[in-house]
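What follows is each chain in one-letter form.
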Amino acid sequence: MLHTNFSFENERVILREFTKEDWLGVHRYASQEIVCRYQPWGPNSEEESKGFVEQVMKDASKEPRIRFVFAVITKEDGQMIGAGEINIRDATNRSGEIGYIIHPDYWGKGIATDVANRLLDYGFSALSLHRIYATCDPRNIGSSKVLEKVGMTLEGKIRENLLVKDGWRDSLLYSILEYEWRKYHDKNRAH
C-alpha cells in the first residue's frame with residue numbers, strides 16, 4: 001500500500017494531498033499567462049481550475065495509484081501557492097516523471113527546488129522508482145536551473161514534442177537514477 005495521506009514540510013512549505021477547496025489556490029496561479037506560457041494549457045478559467053482539482057482527487061483514489069499531486073502550502077501564511085506532481089510512467093521499469101508549478105509571487109525563493117527535491121525523495125523512497133525524469137521548455141531557464149540544482153542530468157533535447165499556443169515546442173529532458181540521487185542527497189546533507 002502506498003502512502004495515501006502524504007504530507008511533508010520543511011521550514012518554508014508543506015506539501016499535502018489536494019482538497020476540493022484548493023481550486024481557488026490553483027486558480028490564483030493557473031489563470032496567469034506568465035505561469036502557463038510554456039504549457040499547452042491555460043490560462044485557466046475557474047471551471048478548468050476546479051476540473052484540475054477534481055481530476056487530481058479522482059486520480060488519487062485509483063488503484064493502483066500512478067499519479068501523485070500535492071498542494072504546496074506556505075508555512076508563513078498558509079497560502080496554497082503551487083503543486084508538485086510525480087507520475088509513475090512505467091511500473092515494470094520503475095520509471096517516473098516529476099513536475100511542479102509555483103505562483104510567480106514566490107519565484108526565486110527556492111520553493112520549486114524544495115518541491116522537486118521532495119518529489120524525488122518520495123519517488124525513490126516511497127515508490128521504489130529506479131529512474132525519474134522531467135522535461136521543460138528550453139526557454140524556461142528557471143525550471144532548468146531547478147532541475148540542475150536537485151542533481152538531475154540533462155540528457156538532451158526532444159524535438160517538437162509538445163504543441164503549445166505558439167506552435168511546436170522542444171523539451172529539454174533531465175533525469176536522475178536512484179543511486180545518483182542517494183549519492184547526491186548524502187553529499188549535500190553532509191555540507
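Quick summary incoming for the structure in this document. The shown structure was predicted, so the numbers you read here are calculated from the model rather than taken from an experiment. (Residues numbered from 1 in each chain as written. Predicted model: local features only at pLDDT ≥ 70, side-chain atom pairs only at ≥ 80, totals over all residues. Heavy atoms only, no water.)

Observations regarding the sheet that holds strand β7 (residues 153–164)
- Spatial strand order, β1-β2-β3-β4-β5-β6-β8-β7: eight strands in an open sheet with mixed pairing. Unpaired on one side and paired on the other, β1 (7–9) and β7 mark the two borders of the sheet. Mean inter-strand twist for the sheet, computed between neighbouring axes without regard to direction, equals 25°.
- Of the strand pairs in this sheet, strand β2 (residues 13–17) and strand β3 (residues 67–74) are connected by five bridges, and their pairing is antiparallel. Bridge pairing links E17 to F70 in β3.
- Of the strands in this sheet, β2 and β3 touch helix α3 (residues 46–60), which is tilted by about 125° from β3. (Pairing = 2+ DSSP bridges. Helix = DSSP H or I, 4+ residues; strand = E, 2+ residues; numbered from the N terminus. Axes fitted to C-alpha atoms, helices over the stretch in contact; angles between N-to-C directions. Contact = heavy atoms within 4.5 Å.)

A short note on the pattern of salt bridges
- Under the defined criterion, the tally for this structure stands at 15 salt bridges.
- Residue R65 is joined to E17 by a salt bridge in which the shortest nitrogen-to-oxygen separation is 3.0 Å. Taken as a pair, R65 in the loop between α3 and β3 and E17 in strand β2 lie far apart in primary sequence, 48 residues in all.
- E17 sits in the buried class, given a relative accessible area of 16%.
- Connected via shared salt-bridge partners are D59, K62, R67 and E85. (Salt bridge = Lys/Arg side-chain N within 4 Å of Asp/Glu carboxyl O. Buried < 20%, exposed > 50% of the residue type's maximum accessible area, 1.4 Å probe, protein only.)

Some words on the packing of aromatic side chains
- Per the stated rule, a full pass over the model turns up four aromatic pairs.
- Among the aromatic residues, those joined into a cluster by ring pairs are F68, F70 and Y122.
- Sitting above the plane of the W23 ring, K50 keeps its charged end 4.6 Å from the centroid. (Phe/Tyr/Trp six-rings, centres within 6.5 Å; stacked < 30°, edge-to-face > 60°. Lys NZ or Arg CZ within 6 Å of the ring centre and 35° of its normal.)

Digging into the packing of helix α1 (residues 23–30) against α3
- Running from N to C, α1 and α3 point in directions that differ by 125°, and their axes come no closer than 9 Å. Classed by the angle they form, the pair α1 and α3 counts as oblique. As α1 runs across α3, the sense of the crossing is right-handed. Where α1 abuts α3, its residues W23, V26, H27 and A30 lie against E46, S49, K50, F52 and V53.
- Across the contact of α1 with α3, the residue classes tally to five nonpolar, two polar and two charged. (Parallel < 35°, antiparallel > 145°, perpendicular 65-115°, else oblique. Left-handed = near helix turned anticlockwise from the far one by under 90°. Nonpolar A, V, L, I, M, F, W, Y, C, P; charged D, E, K, R; others polar.)

Re the layout of surface pockets
- Size it by volume and the largest pocket reaches roughly 1300 Å³.
- If you go around the largest pocket, you meet 47 residues; those closest to its centre are Q39, G99, Y100, I101 and S143.
- A class-by-class count of the residues in the lining of the largest pocket yields 24 nonpolar, twelve polar and eleven charged.
- Taken as a whole, the second largest pocket spans an internal volume of roughly 240 Å³.
- For the second largest pocket, the lining is made up of twelve residues, of which D114, N117, R118, W181 and H185 are closest to its centre.
- Put simply, the parts of the chain that give the lining of the second largest pocket at least two residues each are α4 (111–125) and α6 (178–190).
- At five residues, the largest contribution of residues to the lining of the second largest pocket is made by α6.
- In the lining of the second largest pocket, the residues fall into three nonpolar, four polar and five charged. (1 Å grid on protein atoms, 1.4 Å probe; cavity = no way out; pocket = protein on both sides within 12 Å on 5 of 7 lines; lining within 4 Å. Points joined across faces, edges and corners; volume = space filled by probe spheres on them.)

What to know about the nonpolar core
- Counting residues in hydrophobic clusters, the biggest one holds 33 residues, and the most contacted among them are I86, I98, L120 and M152.
- Secondary structure elements with two or more residues in this core: β2, β3, β4 (80–90), β5 (95–102), α4, β6 (131–136), α5 (141–149) and β8 (167–177).
- With residues near it in sequence (within four places) discarded, I98 still touches E85, I86, A116, L119, L120, I132, Y133, A134, L147 and M152. (Core = buried A, V, L, I, M, F, W, Y, C linked by side-chain atoms within 4.5 Å.)

Considering the pairing of β8
- The buried count for β8 comes to eight of eleven residues, which makes it a mostly enclosed element.
- Bridging between β6 and β8 involves six bridges; their strand directions are antiparallel. Looking at β8, one finds that C136 is bridged to L172.
- By the bridge criterion, eight bridges tie β7 to β8 in an arrangement that is antiparallel. Opposite L163, over in β8, you have W168 as the bridge partner.

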